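Descriptive analysis of the structure
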Amino acid sequence: MSLFEPRGGEDGAADGPQGDDGPDPPARRRRTRRALLWTLSALLVLALGAGGTVYWVAQHYASSVTRIPDAFPTAAESAQPRPVPASGLNLLLVGLDARSDVPTTGSAARAPAWRAGAARSDTMMLLHLSEDRRSASLVSLPRDTWADVPGHGRAKLNAAYSWGGPALMTETVQNLTGIRIDHLAVIDWNGFRALTDAVGGVDITIPRTIEAVGEARAWEAGTHHMDGAQALLYVRERYGLPGGDLDRTKRQQNFLRSLMLRIMDSGTLTSPARLGGLLQSVGEVVSVDDRFSNTDLFRLAWSLRSLRPDDVRFMNAPFGGFDTRDGQSVVLLDERPAAQLWEAMRNDRMPQYFRDHRAGDTLGTDVD
């Protein structure tokens, strides 16, 4: 018997009485079922339409993000760190020391992102996102870190990008940390400035007045609302800072924290439309590896909507001291603590790592 046909004879007559307490007349049952069908159909159309809208937003805005081909090592799988299933996502963030007025990253790029010897990577950060997206950890690698660069021997970490571009940079970091890099994002200083302006600037607090030293500008104590040009001066400065490059990485982290707060406070990550606009702004200045599909980008950004500022930790890689190698001033990592950090990141145990290593070089609120 069909659920959409009345019981009884072919003429639709009911078998029982038609009093107030009896079953509904056949015509009324047909109208009820027809209304139910229309309601279910409308809900299905709305659901498909919403899904289609999200897909369109993802494709439209994420398509503006420039992709970098051949961004990963060509070494055999056996020669690379093994990926650990269900252990979160590891991204390598690279800032280029490309100081010309010609953009090299993003959709506005008029010069290649890499040309042999043209630019070194000025900033390198490992960003680990937990599998459940409830925490994020960002670790800065000093550009002068002494490391093995495949095919070139021991050298400063930032030389890898100059010699072999994104692929050699990725391979060098993988070898240094034993962590498999899932994705790569690259931005030059022009893009950095434009991205800051795109979000309306950032608020950064200078805890104490800093005097001008040589080329370094003076900063008055207090909170400064910085546009792109001012933020660029803030994060590029290393002269006059007690820890030199190490303090500069903290400024870079402090900027990223302020940028993150700006985005979260605006509700961008919880609105598909605003999220699309953010992807478009990012796409104009940032380039990512070509394994990062449009849907991947949108899903990743959307998956972070429940992340809160307190869930994000910033730190420098464990510092083992300064030294001179081959006539160069270099930074050495403290190998044992560094190995513990990489192990925690590799296996998605960063919250536990921070509980066990409270004295680590984490970013506080007092950043010169």
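Just so you know, these numbers come straight off a predicted model, no measurement behind them.

1. Comments concerning the pattern of salt bridges
This model, assessed by the stated rule, comprises 5 salt bridges. The salt bridge partner of Asp-144 is Lys-156, with a shortest N-O separation of 3.6 Å. Within this pair, whereas Asp-144 is found in the loop between β4 (136-141) and β5 (146-149), its partner Lys-156 is found in strand β6 (residues 153-156), the two being separated by 12 residues in sequence. Here the two residues Asp-144 and Lys-156 agree in accessibility, since each one is buried. Of the charged contacts, one joins Glu-343 and Arg-346 as a salt bridge, the two residues approaching to 2.5 Å between their closest N and O atoms. Here Arg-346 and Glu-343 lie together in helix α8 (residues 335-346), a separation of 3 residues that amounts to about one turn.

2. Focus on the sheet that holds β4
The strands making up a sheet are joined through hydrogen bonds of the backbone, oriented either antiparallel or parallel. Here 7 strands make up an open sheet; going across it, the order is β1-β10-β7-β2-β3-β4-β11 and the pairing mixed. Looking at which strands have only one partner, the edges of the open sheet turn out to be β1 (66-68) and β11 (312-316). Pairwise comparison of adjacent strand axes, ignoring direction, gives a mean angle of 25° for this sheet. Relative to strand β2 (residues 89-96), helix α2 (residues 159-177) is tilted by about 140°, and along the sheet it contacts β1, β2, β3 (121-129), β4 and β7 (183-188). Here α8 sits on the sheet and contacts β2, β3, β4 and β11; the angle it forms with β4, its principal contact strand, is near 140°.

3. Observations regarding the confidence of the model for the protein chain
With 76% of its residues at a pLDDT of at least 70, the protein chain reaches an overall mean of 80. The low-confidence segment residues 1-19, where pLDDT is below 50, has 18 contacts with residues more than four positions distant or belonging to other chains. Throughout residues 45-53 the model reports pLDDT below 50, and contacts reaching past four residues in sequence, or to other chains, amount to 0 contacts.

4. Digging into the packing of helix α3 (residues 189-198) against helix α4 (residues 228-236)
Remark: α3 packs on α4, axes separated minimally by 8 Å, with the N-to-C direction vectors making an angle of 130°. Considering the angle they form, α3 stands oblique to α4. Crossing angle aside, the handedness with which α3 passes α4 is right-handed. Residues Trp-189, Phe-192, Arg-193, Thr-196 and Asp-197 of α3 form the contact with α4, whose participating residues are Gly-228, Ala-229, Ala-231, Leu-232, Val-235 and Arg-236. Of the residues assigned to the contact of α3 with α4, the class counts are 6 nonpolar, 2 polar and 3 charged.

The rules behind each value
- Residues numbered from 1 in each chain as written.
- Predicted model: local features only at pLDDT ≥ 70, side-chain atom pairs only at ≥ 80, totals over all residues.
- Heavy atoms only, no water.
- Salt bridge = Lys/Arg side-chain N within 4 Å of Asp/Glu carboxyl O.
- Helix = DSSP H or I, 4+ residues; strand = E, 2+ residues; numbered from the N terminus.
- Buried < 20%, exposed > 50% of the residue type's maximum accessible area, 1.4 Å probe, protein only.
- Pairing = 2+ DSSP bridges.
- Axes fitted to C-alpha atoms, helices over the stretch in contact; angles between N-to-C directions.
- Contact = heavy atoms within 4.5 Å.
- pLDDT = per-residue confidence, 0-100.
- Parallel < 35°, antiparallel > 145°, perpendicular 65-115°, else oblique.
- Left-handed = near helix turned anticlockwise from the far one by under 90°.
- Nonpolar A, V, L, I, M, F, W, Y, C, P; charged D, E, K, R; others polar.

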